[in-house]
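Structural features, examined
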Amino acid sequence: MRFYRQNLSLFLVILLILGTLGESAVAQQKAYQLSPGKEIPLLSVGAAGTVTSLLLRRNQVSLDSTQIVDLSSDRLLGVDLSAIDNYHQGARIASDVFLSVSYLFPLTPLLLKDARQEYGAISVMLLETILLNETLTGLSKVLVSRPRPYTHNQNVDFADRIDDDNNLSFFSGHTSYTAAISFFTAQVLSQYIDNRTTRNLIWAGAIAWPAATGYFRYASGKHYITDVLTGYIVGAAIGYFIPRLHETVAKRGNEASTDGIHLDTQASQMFKLVFVF
C-alpha cells in the first residue's frame, strides 16, 4: 500500500504542475469546456472522498495471525477460488511497473498542438478522474475489507500473509487506476486525431494495458478475478465519461472524421469489447 500511496501523491503533484501551464493560446475550436457547475461538484466530491479514503486506509487494521488461521474459502465465488493458489513476486513487480508507466500516458496530448492549447482544461479533467477513482477505489477497499487471496495460501510464508494491507483486496486499485488513466488518455486523444487507424490503435492499447495489469495482480495473489474485473469497469467508466462530460457541443457536431467514422460510435464499440473481454 505504501507504493500505491506514494505514486498517487506524486501523480497529484504532477497534475498541479501541469495545470499551471494553462492554455497558451485559444484553439480555433475547443474540444473541452470547463464550467463551475461541473467542476465544483466533481472536485469537491473527489477531494473529500480522496482525503477520507487515505485517512481511513491509514488507520485500517490488518488481519492478525489468529484471523488468518480462521480464514475459510467456503464463501468465495467459484470464479475466485483459483486466485488463492497464486503468489508470484515477479507478477507483483510487473503490475507496479505497469501502474507507474501509465502515469506517463496523460502527457501524450502535449505532443499535439491543439491539445497543448487546451491542456489546462485537460489537467483539470484528469485531476477529477484521479480523485473520483481514488474515492471509489479507496472507500471500497476499507468498507469491504476483503482478505487478499494470498492470505489463504498455505504455501506463502506466514510473515508475508500478515502484511499491512492484507485485507484490502476489493477492488483492485492498480487495475482501476491504469484503466481510468488509459481510457481517459484514449478518449482525449481521439478528440484531436482524425485518422481511424491511429484511433483504433490507441483504443486497443487503452483496453489491453489495464487488462494486463489486472492479470498480473491476479497472478501475484493480490487480487481475485472479481476484484480485477470490478476495478477495470470502474476505472474505465470514470476515465471515459469525465472527458465526455466536458466535450463542447461544437466539437460533438464535428465528430465525424474525414474518413467518415463517427467517434462516439467507435468509442461505444470499444466499450463493448471491454465487457466481452
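Residues numbered from 1 in each chain as written. Predicted model: local features only at pLDDT ≥ 70, side-chain atom pairs only at ≥ 80, totals over all residues. Heavy atoms only, no water.

A few words now on the packing of aromatic side chains. Here the structure, examined in full by the defined rule, presents 11 aromatic pairs. Consider the rings of Y240 and F241, whose centres lie 4.9 Å apart with planes at 85 degrees: the pair is edge-to-face. Grouping aromatic residues by their ring pairs yields a cluster made of F98, F105, W209, Y215 and F216. (Phe/Tyr/Trp six-rings, centres within 6.5 Å; stacked < 30°, edge-to-face > 60°.)

Below, the discussion takes up the pattern of salt bridges. Counted according to the given criterion, the structure contains six salt bridges. Measuring nitrogen to oxygen at the nearest pair gives 2.3 Å for the salt bridge that ties E134 to R57. With E134 in helix α6 (residues 119-144) and R57 in helix α2 (residues 36-58), this residue pair connects regions lying 77 residues apart in the sequence. Like E134, the residue R57 is buried in the burial classification. (Salt bridge = Lys/Arg side-chain N within 4 Å of Asp/Glu carboxyl O. Helix = DSSP H or I, 4+ residues; strand = E, 2+ residues; numbered from the N terminus. Buried < 20%, exposed > 50% of the residue type's maximum accessible area, 1.4 Å probe, protein only.)

Of all hydrophobic cores here, the largest spans 21 residues; its most connected members are Y32, I122, M125, F184, V188, Y192 and I242. Elements supplying a minimum of two residues to this core: α6, α8 (173-190) and α10 (225-246). When residues of this core are assigned to their parent elements, the largest contribution, six residues, is made by α6. Look past the residues within four positions of Y192 in its chain and what remains in contact with it is A31, Y32, L112, D114, A115, E118 and I122. Counting 10 residues, the second largest nonpolar core, distinct from the first, contains A186, A206, A211 and Y232. (Core = buried A, V, L, I, M, F, W, Y, C linked by side-chain atoms within 4.5 Å. Contact = heavy atoms within 4.5 Å.)

Attention shifts here to unusual backbone geometry. Following F170, the chain continues to F171 via a peptide bond in cis, the omega torsion being -5 degrees. Structurally, the position occupied by F171 is in the loop between α7 (158-161) and α8. Of note in this structure, S145 is not a glycine but carries a positive phi near 50 degrees. With respect to the helices, strands and loops of the structure, S145 is situated in the loop between α6 and α7.

The subject of this paragraph is the confidence of the model for the protein. Averaged over all residues, the pLDDT of the protein is 86; the fraction at 70 or higher stands at 79%. In this model residues 256-264 is a low-confidence stretch, pLDDT under 50, and it forms 21 contacts with partners more than four residues away in sequence or in other chains. Per-residue pLDDT stays below 50 along residues 273-277; that stretch engages in six contacts with residues further than four places along the chain or on separate chains. (pLDDT = per-residue confidence, 0-100.)

In this section: the environment of E39. Structurally, E39 is set in helix α2. On the basis of relative accessibility, which here comes to 7%, the residue E39 falls in the buried class. Taking the C-alpha atoms as reference, E39 lies 8.1 Å from E128; in sequence the two are 89 residues apart. There is a polar contact of 2.7 Å between the side chain of E39 and the backbone nitrogen of S35. (Polar contact = N/O pair within 3.5 Å; in protein donor to acceptor, adjacent residues only side chain to side chain.)

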